[in-house]
Structure formats: structure tokens, C-alpha cells
Amino acid sequence: AQTVTQSQPEMSVQEAETVTLSCTYDTSENNYYLFWYKQPPSRQMILVIRQEAYKQQNATENRFSVNFQKAAKSFSLKISDSQLGDTAMYFCAFMKPAGNNRKLIWGLGTSLAVNP
Amino acid sequence: GAGVSQSPRYKVAKRGQDVALRCDPISGHVSLFWYQQALGQGPEFLTYFQNEAQLDKSGLPSDRFFAERPEGSVSTLKIQRTQQEDSAVYLCASSFGLGNYNEQFFGPGTRLTVL
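Computed from a prediction, not measured in an experiment: that's the story for all the values here.

**A closer look at the side chain of Lys38(A)**
All names here are of chain A.
Reasoning step 1: Mapped onto the secondary structure, Lys-38 falls in strand E5 (residues 33–39).
Reasoning step 2: No salt bridge is formed by the buried Lys-38. Its closest oppositely charged neighbour is Asp-86, at 4.3 Å.
Reasoning step 3: If near-sequence neighbours (up to four positions away) are discounted, Lys-38 is found in contact with Gln-44, Met-45, Ile-46, Val-48, Gly-85, Asp-86, Ala-88, Met-89 and Tyr-90.

Structure (C-alpha cells):
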């Protein structure tokens, strides 16, 4: 069974600084997807970034980028130029694309506070 | 266009009551997922529909939980004889198709409190 581990329950960063959130996972699959989701206090879960395991290039979306280390089963999220609106819970999630079910397997989350 | 909507947004139930939570997915989305998110935890998968077919209900915690999607659109998650441990936010997500990757779009959730 797949598992996702986020070892940082809480983090804080100063506005405009850079912060890195950690995620490790365990799977015997070779092909899969990894995601970072953001959940602001309003609780609507929003996709931040995704990574296909077969792609060696790290995904980037504006100020958000990942460091995907497949052999180490590590998938960290870097937020550059942090903004107050980045304050939220961040969840790392895993999906195995094979079969009929594309269910997401989630970590426990990291609460990020961006301070002015 | 409208996103995924859920109702009610908040539900308070007395222990032993039955509750029904509704999810309206994005129009045309084939796949629909229910997740349970306990306070301070990550979401956990409950069940999955492909159109009206419930293809995976392995995450439902007990036979008190029942989900349906009779016409392949709106889905209802029903919890019978609620217990305090059922208190959580119930998230619904939908995705367009069955390709290798289809983004799941989430609703705002229903916060269930069982007293």
C-alpha cells in the first residue's frame, strides 16, 4: 500500500522569502503522479502543482516548484517570494493511474503561515 | 462555470441521527470521489463513482455509510445512526474522464458535527 509522509506539521516564513515543504512517499509502483494541494482557511482544496513520475524534469508553476527525487521517494515543494495569500494547509498526495480508481492518497499536511 | 458544490455546508446531528450530504459535480464530469477529513488530518478516501457505477467503496468505514449516484451526476453520502467519530469534513471531488490523468476539482466540503 502507498503511504505519504509530511514530517513538518507547521512552518512559517516571512513575506517575500522562500520556504520548502517536505514530502516523502512509499510505493512499489513505477508510474504514478504526485501532487501538492493548498487548503486555505475557507477549506476549498486547490491543486498547486503536479508531477508525473516518468518525467525527470521538475514541475514549475510560477512561484511554485518541486524537487522530485524518484529514487529517494522525495517530493518537496518550494514556494518563492512568499505572499500572505500563501498562508494555508499544504497537502502532498499520491495517485496511481492504473486501474479504474484514481483515488488520492494524502499526507497529514503542513500548516504554512506567511508573516508580514 | 460552476465548480463542485456541496450542501449543506454545515450539519449538526445528534448521535444516532441519520444524515445525508449532497454533492453536485462539475457538469460532464464522469468521476466522483468522496473523502473524509478529520480535524487536523489529511483527507482519506471513502468511495469512487464512474458515472452511476460505484467502482470502489473500500474506504467506507462501516456499513453505516452509504453513497449513491443514481443518474451519474449528483451524489449523496448517507450516514446512518451517526456516531461522534463521524465528525469530520466530507469532501467531494469530480474529474472529467478516465485518462491517465484528470485533475480532481474539490467542493468546499460539508462539516459534520455529531453531538
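**Comments concerning the nonpolar core**
All names here are of chain A.
Reasoning step 1: Among the nonpolar cores identified, the biggest contains 25 residues, and Tyr-25, Trp-36, Phe-75, Leu-77 and Tyr-90 are the most heavily contacted of them.
Reasoning step 2: At the level of elements, strand E3 (19–21), E5, strand E6 (46–52), strand E8 (64–69), strand E9 (74–79), strand E10 (88–95) and strand E12 (110–115) are the ones that each hand at least two residues to this core.
Reasoning step 3: Element by element, the count of residues in this core is highest for E10, at four residues.
Reasoning step 4: Excluding residues that lie within four positions of it along the chain, Phe-75 makes contacts with Ser-22, Cys-23, Tyr-25, Leu-34, Phe-35, Trp-36, Gln-51, Val-66, Asn-67, Phe-68 and Cys-92.

**Brief notes about the sheet that holds strand E3 (residues 19–24) of chain B**
Residue and element names in this part refer to chain B.
Reasoning step 1: Strand order in this open sheet of four strands is E1-E3-E8-E7, and the pairing throughout is antiparallel. Only two strands of the sheet have a single neighbouring strand rather than two, namely strand E1 (5–7) and strand E7 (65–68). Mean inter-strand twist for the sheet, computed between neighbouring axes without regard to direction, equals 15°.
Reasoning step 2: In this structure, E3 lies alongside strand E8 (residues 75–79), joined through five bridges in antiparallel fashion. Paired with Val-19 across the bridge in E8 is Ile-79.

**Structural notes on the packing of aromatic side chains**
To describe a pair of aromatic rings, you give the distance between the ring centres and the angle between the ring planes.
Reasoning step 1: Under the definition given, this model contains 16 aromatic pairs over all chains.
Reasoning step 2: Seen from their ring centres, Tyr33(A) and Phe35(A) are 6.4 Å apart, and the 25° between their planes marks the pair as stacked.
Reasoning step 3: Residue class for Tyr33(A) comes out buried when judged on its relative accessible area of 5%.
Reasoning step 4: Taking the centre distance of 6.3 Å and the plane angle of 80° together, the rings of Phe68(A) and Phe75(A) count as edge-to-face. Of the two residues examined, Phe68(A) and Phe75(A), each falls in the buried class.
Reasoning step 5: Through a chain of ring-to-ring contacts, the aromatic side chains of Tyr33(A), Phe35(A), Tyr37(A), Phe91(A), Trp106(A), Phe33(B), Tyr35(B), Phe45(B), Tyr48(B) and Phe106(B) assemble into a single cluster.

Rules used throughout
Each chain has its residues counted from 1, running along the sequence as written. All chains are assigned letters beginning at A, and all ligands numbers beginning at 1, according to the order in which they are written. Side-chain atom pairs in this predicted model are given and counted only at pLDDT of 80 or more, local residue features only at pLDDT of at least 70, and totals for whole chains, interfaces and linings cover all residues. Neither water nor hydrogens contribute to the side-chain values; these are computed over all heavy atoms in the structure. For the purposes of this entry, the term helix denotes a DSSP run of H or I that reaches at least four residues, the term strand denotes a run of E that reaches at least two, and both are numbered from the N terminus. Partly exposed residues are those whose accessible area sits between 20% and 50% of the maximum for their type, while under 20% is buried and over 50% is exposed, using a 1.4 Å probe and protein chains only. Counting rule applied: Lys, Arg positive; Asp, Glu negative; His and chain ends not counted. Whenever Lys or Arg places a side-chain nitrogen within 4 Å of a carboxyl oxygen from Asp or Glu, that contact is recorded as a salt bridge. By definition, residues are in contact when any of their heavy atoms lie within 4.5 Å. The term nonpolar core refers to a set of buried residues drawn from Ala, Val, Leu, Ile, Met, Phe, Trp, Tyr and Cys, joined through side-chain atoms within 4.5 Å. At least two bridges found by DSSP between two strands is the condition for calling them paired. Think of each axis as a best-fit line through the C-alpha atoms, taken over the contacting stretch in the case of a helix, with angles from 0 to 180 degrees between the N-to-C directions. The criterion for an aromatic pair is that two Phe, Tyr or Trp rings (for Trp, the six-membered ring) have centres within 6.5 Å, with stacked assigned to planes under 30 degrees apart, edge-to-face to planes over 60 apart and tilted to the rest.

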